[in-house]
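# Architecture at a glance
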Amino acid sequence: MSAGTRSEHYPVGIAGVSLREIERRVGPDEAPPLPPNAQLRTVGQSAPRVNGRAKVTGQARFTVDVTLPGMLHARLLRSPYPHARILSLDAGPAERHPGVRAVHLIDHAIGRAREIADPGPAAPTGRRMLYVGDPIAAVAAVTPQEAQAALDLIQVVYQPLPFVIDLEDARKADAPRVFERAVHSESFGEPAPQLPQHGNVHGPDLSASRGNAAAGLNAAEVLVEAEFRTQVQTHCCLEPHALVADWRDEGLTVYISTQFTAGIRAELAEAFGLPLSRVRVLVDAMGGGFGSKSRVGQYVLSAVELSRRAHAPVRLALDRHEEQIDSGHRPSTVQRIRLGARRDGTLTGVSIDAYGTAGVALGAGVGNFAQSIYECAHFALAQSDVFTHAGPGAPMRAPGNVPGAFAYEQIIDELAERLGMDPLALRERIDASPVRREERRAGAERIGWSRRRPPGSDPGTLKHGLGMAQSHWPALIQTNSACEVRILRDGSVEVRSSVQDIGTGVGTVLAQVVAEELGLAPEQIAVRIGDTDFAAGPPSYGSRTSASITPPARNAAYRALRQLIENAAPSLGAAPEALAARDGRICTADGRRSLSFREAAALLRTDEISVVASRSDDYGGFGHRMGDAAMARKGLGGVQFAEVAVDTETGRVLIERVVAVQDCGRPLNPRQIESQVHGGILQGISYALYEERILDAHTGRMLNPNLEQYKILRSRETPTIEVHVLEHYQGESATDAYGIAEPSIIATAPAVANAVYNAIGVRMRALPMNPAAILAALGRVPQPSGPP
Amino acid sequence: MLKKIPPDSPRCAHRPAHDIVGPGAAPITLVVNGIARALSIVPATTLAEALREQLALTGTKVACDRGACSACTVWLDGAPVCACMVLAIDVGDREVTTIEGLAQNGPLHPVQSAFIAHDAIQCGFCTPGLIMSCAALLAHTPDPSESQVRAALGGHLCRCGTYPHVIAAVLDASRRGRSRP
């Protein structure tokens, strides 16, 4: 028990189910416990988005809308070959082209796996291009047309080299090598213990294994075994990857469509040898990232370099084709799973062999889904990355866990069938999470699970089915996360952080949290975010933003209010402890003596009170720490149910209804949460049924690099969705809020797959479950050979 | 605000055949949100480019630049079109309405208000185009069924997955429109 801490009582448990109180010791500057939402004015209400008006009137400023005086336009020259050596390169004609202000020949590629014995920057001549679209050079000119014309003048002589696109071919010992040397192992972009590398196969990573899986499988009374395959999915952010870089003597300013302003600042400062204080990164409205706008890519370095050389602002925005081939993707996977159990369902052993390809990058793992969700002492996971001559993957909404859950939640259902158990009953046996228990109960009731019939028993050609699946996602927290609250002398209030709103509505929940603490309405709080001139906030990835930034926002508001009250107390003739903020006033408990918030602010000695708070550790401690981030002791669970109809004549899967029961701790804004859950489910259905990157085996080119041949779910395929969000308290932070983006997508594809099985009685073990795959599974057309 | 297009109205070729322009920049006049705007464009300039780059009307968003996502939807004489698929030079005297013109200095259009109320917004990049299509739908079909709403949105891509809230918003705006005196 450290000095200065105090004891407080926090609500814990699920509202309406298991709410109780526990005692926690918290630091002296922590705001007091926040009661359950039912007792609050603003938090837990569906306040409209603070930037809603700007977004519906076209006034919201996205990065692609930024123009600066004298701004140049940049384009990238890209490799037309999947594997080639540059024999010669002459940029002279481009440099002499009218309108061209700078040319940058890329001498050291980033955004891919890094070779350990990397020789460092080299002349462009001699460099190997590793995929169609691999950037070679960048040009800045006065118009985009002049830049494009200049690119066409760059004379490149390529020596095409043997390449490999197909995952299975790439694993062979004699396959053309993507990397000549071993690459650094990493986990989600962070250094990790070095793994073996043979040919194009990097791994296996065995670090998630525990116990003795072979013995566990031998002890099994029932064994199930199956192989699952998932495809490459591209992010398809509607706003392209884009930036305007403005290099000046006094420092670098970058407007960029990013999920992490503070991270981009740190990466650019390091890359260009600038102090952090001389780099400013801004984003206002941000048109979608889904994981792909987390880090500095080659296009970012090129634009900054062009601005430095041209002494002018440079705009670079990828076009849709570039987005599809070189802005990241969700890697493919192949997962061979063996599951052993006793007759009562208890898992005795699990063995998973997984590999996949993220092209020239690492990251094709299956996440921590299988290792975390069900109890099993004997668990073996071997996962490997296979390099291919394709563009680099990038984290995409619940990376690893989405393909991981597609496979694992299906084989759990297969086990249930073998055991003659209901899928819910088996999970009741093997899932220790009390949160998911409640979610299963609530979801089963709402979907009408008791209507579920035996697989394939629907007569007629249109077959209906019910299925369910569960999700697990670690609750992540950025400990390097700060927020400032300012109370100004006129009573206005600002909340400021570099945290960015990528569409989740974090600015709105910041206004709600600060308003609740100050006794004001959310619309009275000015939200200033997306600018590294403010206190450095967290990234918007890993579903960690709300959990990282709302507790410091509330603590900063609490401390600023204490200062305001201490200053105003003498005027009210009351002790500061006797005063509180309520309904726009600073008042005594009995309400007899009070000042309006504005009157209290007018008493300030200075123009403003400013408090910066950073994220405190979870009150009960973290599960473990990872640099600037930490993992909470408990993860986030969800359960989804899908009702489908499969047309056995056309092979079309129609999703009729989805019920999602989710946990994100304390819900701060239910309607915004519902919006995100809709997004997770619809992206999950789209992944399950439609999306697939198709590469041409003969040229390495993507055959559907657009938004019409790359199929994505739209309004007519959108089912009825019912979202139920638990109110789950854990007493871990000043807001007890967690994220929802990733937990909401993980269960969707397996819930759909389990429902399709229930409809047609045939297991769909590969994605996407498009009409061709369904008809082949039903034996109505020959099995497709499959795209590379 | 909306005008029905006469069935026999020409879709392009508003210029006389002898009026050959290009390949350099040529002067044209666009009537945008009720104001005639003179600008100089090369013939390959799309309406979306002219609006965004020449007239600084950046509410119109370009995501695919080939008519596959409808993010750039504006009205030509009240009918929704993809501004990336129309050459500025072919607009002629048809009136262009953009998201900036929907609630010019006035109260929000009912569809805009409903989008806020139903949180039919996430990242917001597809939102202006969606609103233009939804408002056009209600102009000619004030009482649409849910399937008519889904069909009207069928060309739009929203990667964030706002469709359920968009559908609810349009049906709500329709109800409110009908209940107005």
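Criteria and cut-off values
Residues numbered from 1 in each chain as written. Chains lettered and ligands numbered in written order. Predicted model: local features only at pLDDT ≥ 70, side-chain atom pairs only at ≥ 80, totals over all residues. Heavy atoms only, no water. Helix = DSSP H or I, 4+ residues; strand = E, 2+ residues; numbered from the N terminus. Buried < 20%, exposed > 50% of the residue type's maximum accessible area, 1.4 Å probe, protein only. Contact = heavy atoms within 4.5 Å. Areas by Shrake-Rupley, 256 points an atom, 1.4 Å probe, with all protein chains shown as cover. Pairing = 2+ DSSP bridges. Buried area = accessible area lost by both parts, 1.4 Å probe. Salt bridge = Lys/Arg side-chain N within 4 Å of Asp/Glu carboxyl O. Nonpolar A, V, L, I, M, F, W, Y, C, P; charged D, E, K, R; others polar. Domains from an automatic or database assignment. Polar contact = N/O pair within 3.5 Å; in protein donor to acceptor, adjacent residues only side chain to side chain.

### Some remarks on the overall build of chain B
Helix and strand content of chain B: six helices and five strands. Beginning at the N terminus, the succession of helices and strands in chain B can be written as β-β-α-β-β-β-α-α-α-α-α. Within the span of chain B, comprising 181 residues, buried residues form 56% of the whole. Partitioning the contacts of chain B with sequence separation of at least 6, the portion at a separation of at least 24 is 57%. Per element, the accessible surface of chain B, about 7500 Å² overall, is 55% carbon and sulfur.

### Quick word on the pairing of strand S1 (residues 26-32) of chain B
Residues and elements named next belong to chain B. Where burial is concerned, the two faces of S1 differ: the one with Ala26, Ile28, Leu30 and Val32 is buried and the one with Pro27, Thr29 and Val31 is not. When S1 meets strand S2 (residues 35-41), the two strands line up antiparallel, connected through seven bridges. The residue of S2 that forms the bridge with Val32 is Ile35. Counted between consecutive antiparallel strands, the loop separating S1 from S2 contains two residues, among which Asn33 sits at a positive phi close to 50 degrees.

### A short note on the interface of chain B and chain A
Across the boundary between the two partners, chain B contributes 41 residues, which contact 50 residues of chain A. When chain B packs against chain A, the two sides together hide about 3800 Å² of surface, and 56% of this comes from carbon and sulfur. The largest share of the area that chain B buries against chain A comes from Arg150(B), Leu157(B) and Arg159(B), three residues that together contribute 21% of it. Our enumeration of links across chain B and chain A arrives at five salt bridges. Elements with a minimum of two residues in the side of chain B that touches chain A: helix H2 (99-102), helix H3 (110-117), helix H4 (127-140), helix H5 (146-152) and helix H6 (163-179) of chain B. Looking at the side of chain B that touches chain A element by element, the count peaks at four residues for H3(B). Looking at the side of chain B that touches chain A residue by residue, the class counts come to 21 nonpolar, 13 polar and seven charged.

### Some details on the domain arrangement of chain A
All names here are of chain A. One can read the domain layout of chain A as domain 1 (10-26 + 433-474 + 634-788) and domain 2 (31-55 + 476-630). One C-alpha centre belongs to domain 1, the other to domain 2; they are set 35 Å apart. Listed per partner, the contact involves 30 residues of domain 1 and 38 residues of domain 2. The contact between domain 1 and domain 2 buries some 2600 Å² in all, and 53% of this surface belongs to carbon and sulfur atoms. Along the contact surface separating domain 1 from domain 2 lie zero salt bridges. The interface formed by domain 1 and domain 2 includes 23 residue pairs in polar contact (both at pLDDT 80 or more). Breaking the side of domain 1 that touches domain 2 down by element, the ones donating at least two residues are strand S1 (6-14), strand S2 (20-26) and helix H16 (670-689). Among the elements that line the side of domain 1 that touches domain 2, the one with the most residues is H16, at five residues.

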